[in-house]
Each structure stands twice: as structure tokens, then as C-alpha cells.
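Okay, here's what each chain looks like letter by letter:
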Amino acid sequence: RTVHEDNYPGLIAQVTSLLLRFQDDRRLDALRRSSRIIAISNFVKGVLLEHGIAPERVTTIYNSVGAMFSADSGQRQSRASIQQRSPKRSICILAAGRLCAEKGFHVLLRALPSVISKHPGLQTVSAGTGPFENHLRYLTNKLDLGEHVSFLGQIPFAEMASVYAGADAVVVPSVFSEPLGRTVLEAMSCGKAVIASAVGAIPELIDHGRTGWLIPPEDSYALSEAILRLLGDSSLRRLLEENARQS
């Protein structure tokens, strides 16, 4: 018997919190009774092993993102796709994902003022919805970022490749242990430079300084410095993009 996301919807994506908070939960019992378990990252595998799952029963198989997320798939629409949805700016940073506290979009907002002071043409685009959206909009107004931040809402999955293609860089500022980090995979597959928190499985996906840039979680200063580094060094950005595309 194999336990995977297709068999137990959302189980693997929540496995860390389940194991830590609900050790007697029947879903954990299902894991313990399973003859084989597919973990979507070595991080998830490690959590399973810490909670008594025999290592020989766990195999890591990373999720794929599909051919639609490639460096060429969104090029025809490219930047125009984002500009049609947001004010026209010379530089675009994309943050995609569910708008919840765990995804750390508030960290990105707090990092922006120092970046904008040096790059006044910066536009940051959020693609997604969620329970934290009202707070993020409040924080955007409080930090006087209204002209530089756009909330696009939920983007159809089939259109996300063109949204990635229109960004100069993608930021994944998660503040919790990501079981995988699908946004990282999608952005890298599209050949984008990614700045992401070094949490959960994300360091398995990004080779710091070669295929992307890792930062400490919940550190707005480190994030602003990383964004400035990439925006100020086009050679580094191109290197990360090329290596991400090939990884």
C-alpha cells in the first residue's frame, strides 16, 4: 500500500504539522500501517523517520510541474501578461501562492521600501488569494506601497506560466517548513531567478548562488538585500536563470 497525495488529498502537504500536532490522528495511523510511503521531499522523509516510520518503507519522489512550466511556454505573452493586470513599471517582482501568514508575504512587503528607494520603478505582483489578504492590503497601505504592489487575485492555473514569464524575479518568503515548495519548482522551470526562504525542503531545490538565492526566514532586511543584489547584478540574475532552467 502506498500513501501519496492522490490517495489522501492534502495529507503529504500537511504531514509535518500532522505529525507534530496530531500524533494519534487516524491519518498518522494510516502512515504507520502503510507498507510503502512516497515522500515528496527528503525533508518530509526526515520528519517521518523522526516519528518512527522505518526508513526502508519511505521513498522520496519529488513532484513534477509539467511541460507547461518551461522557459519557452510563456514567452509570447511574457511581460505583457503582467502589465495588463497591473500598473506598468520597469521591474517586476512576483510572489505567487496562497495569501496566508505561513507564506510570509508580509516579510516581502516590509522589505520593499528600501528596495524601492533605489529602484523607484519596482512593481511587486501578488498572484493568489487567501485569509491573510486583508491584512496584506492593510500593510501595503500602511507602508505607502500602493503604487508599487498589485494584488492580482486567483490566476487560472493554465495562465501561470505567462505570469512567471513576465517577472524579473520570483520571491518565495515562506516562514514555515515547506514540505516541497511548488512555486520554487514552477518558477525555476520557467527560467526565473528565485529568492526563497531556507525552510523545509526548499534548500533541496535551490543550490544557493547557483540555481537561486536562499535567505533566512522572517528576515526582511536579508530579503531586501537579496532583491537589491539581483536587481543590481544582471550577470548574476542571468546565471541563476540559466542554471534554474537546466536544473
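Everything below is about the structure shown above.
Residues numbered from 1 in each chain as written. Predicted model: local features only at pLDDT ≥ 70, side-chain atom pairs only at ≥ 80, totals over all residues. Heavy atoms only, no water.

## Quick word on the overall build of the protein chain
Phase 1: What the protein chain contains, in helices and strands, is eleven helices and nine strands.
Phase 2: For the protein chain, the proportion of contacts with a sequence separation of at least 24, taken over those separated by at least 6, is 67%.
Phase 3: Accessible surface, the protein chain: about 11,400 Å² in total, of which carbon and sulfur atoms supply 49%. (Helix = DSSP H or I, 4+ residues; strand = E, 2+ residues; numbered from the N terminus. Contact = heavy atoms within 4.5 Å. Areas by Shrake-Rupley, 256 points an atom, 1.4 Å probe, with all protein chains shown as cover.)

## A short note on the side chain of Ser 174
Phase 1: Relative to the assigned elements, Ser 174 resides in the loop between β7 (169-172) and α8 (182-189).
Phase 2: Judged by relative accessible area, which is 1%, Ser 174 ranks as buried.
Phase 3: In this structure the side chain of Ser 174 is engaged in a polar contact, spanning 2.6 Å, whose partner is the side chain of Glu 178.
Phase 4: Each residue touching Ser 174, except ones within four places of it in the same chain, is listed here: Glu 102, Lys 103, Gly 104, Ser 197, Val 199 and Pro 217. (Buried < 20%, exposed > 50% of the residue type's maximum accessible area, 1.4 Å probe, protein only. Polar contact = N/O pair within 3.5 Å; in protein donor to acceptor, adjacent residues only side chain to side chain.)

## Overview of helix α11 (residues 234-246)
Phase 1: Compared with an ideal rise of 1.5 Å per residue, which puts 13 residues at 18 Å, α11 spans 18 Å between its outermost C-alpha atoms and is within 8% of the ideal.
Phase 2: All of the buried residues in α11 are Leu 236, Arg 237, Leu 240, Glu 241, Asn 243 and Ala 244.
Phase 3: Check the buried side of α11 and you find it contacts α8, β9 (213-215) and α10 (220-232). (Expected span 1.5 Å × (residues − 1).)

## Brief notes about the pattern of salt bridges
Phase 1: Enumeration according to the criterion identifies five salt bridges in this entry.
Phase 2: Salt-bridge contacts for Glu 178 lead to Lys 103; the nearest nitrogen and oxygen are separated by 2.8 Å. Of the two residues, Glu 178 sits in the loop between β7 and α8 while Lys 103 sits in the loop between β4 (91-96) and α5 (105-118), which places them 75 residues apart along the sequence.
Phase 3: Relative accessible area serves as the criterion here: at 6%, Glu 178 is assigned to the buried category.
Phase 4: Where Glu 133 meets Arg 137, a salt bridge forms, and the shortest distance between an N and an O atom there is 3.0 Å. Taken together, the residues span about one helical turn, with Glu 133 and Arg 137 both in helix α6 (residues 133-142) at a distance of four residues.
Phase 5: Residue Arg 137 is classed as partly exposed on the basis of its relative accessible area, which comes to 37%. (Salt bridge = Lys/Arg side-chain N within 4 Å of Asp/Glu carboxyl O.)

## Observations regarding the environment of Thr 60
Phase 1: Inspection of the secondary structure assignment puts Thr 60 in strand β3 (residues 58-60).
Phase 2: The partly exposed category is assigned to Thr 60, whose relative accessible area is 22%.
Phase 3: Put simply, Thr 60 and Ser 41 are 19 residues apart on the chain and 5.6 Å apart in space, counted from C-alpha to C-alpha.
Phase 4: Ignoring sequence-local partners within four residues, the contact set of Thr 60 consists of Ala 39, Ile 40, Ser 41, Asn 42 and Lys 45.

## Observations regarding the packing of α10 against α11
Phase 1: Where α10 contacts α11, the two axes come as close as 5 Å, and the packing angle between them is 100°. Put simply, α10 runs roughly perpendicular to α11. Residues Arg 229, Leu 230, Leu 231 and Gly 232 of α10 form the contact with α11, whose own contacting residues are Ser 234, Leu 236, Arg 237 and Leu 240.
Phase 2: Of the residues contributing to the contact of α10 with α11, the split by class is four nonpolar, two polar and two charged. (Axes fitted to C-alpha atoms, helices over the stretch in contact; angles between N-to-C directions. Parallel < 35°, antiparallel > 145°, perpendicular 65-115°, else oblique. Nonpolar A, V, L, I, M, F, W, Y, C, P; charged D, E, K, R; others polar.)

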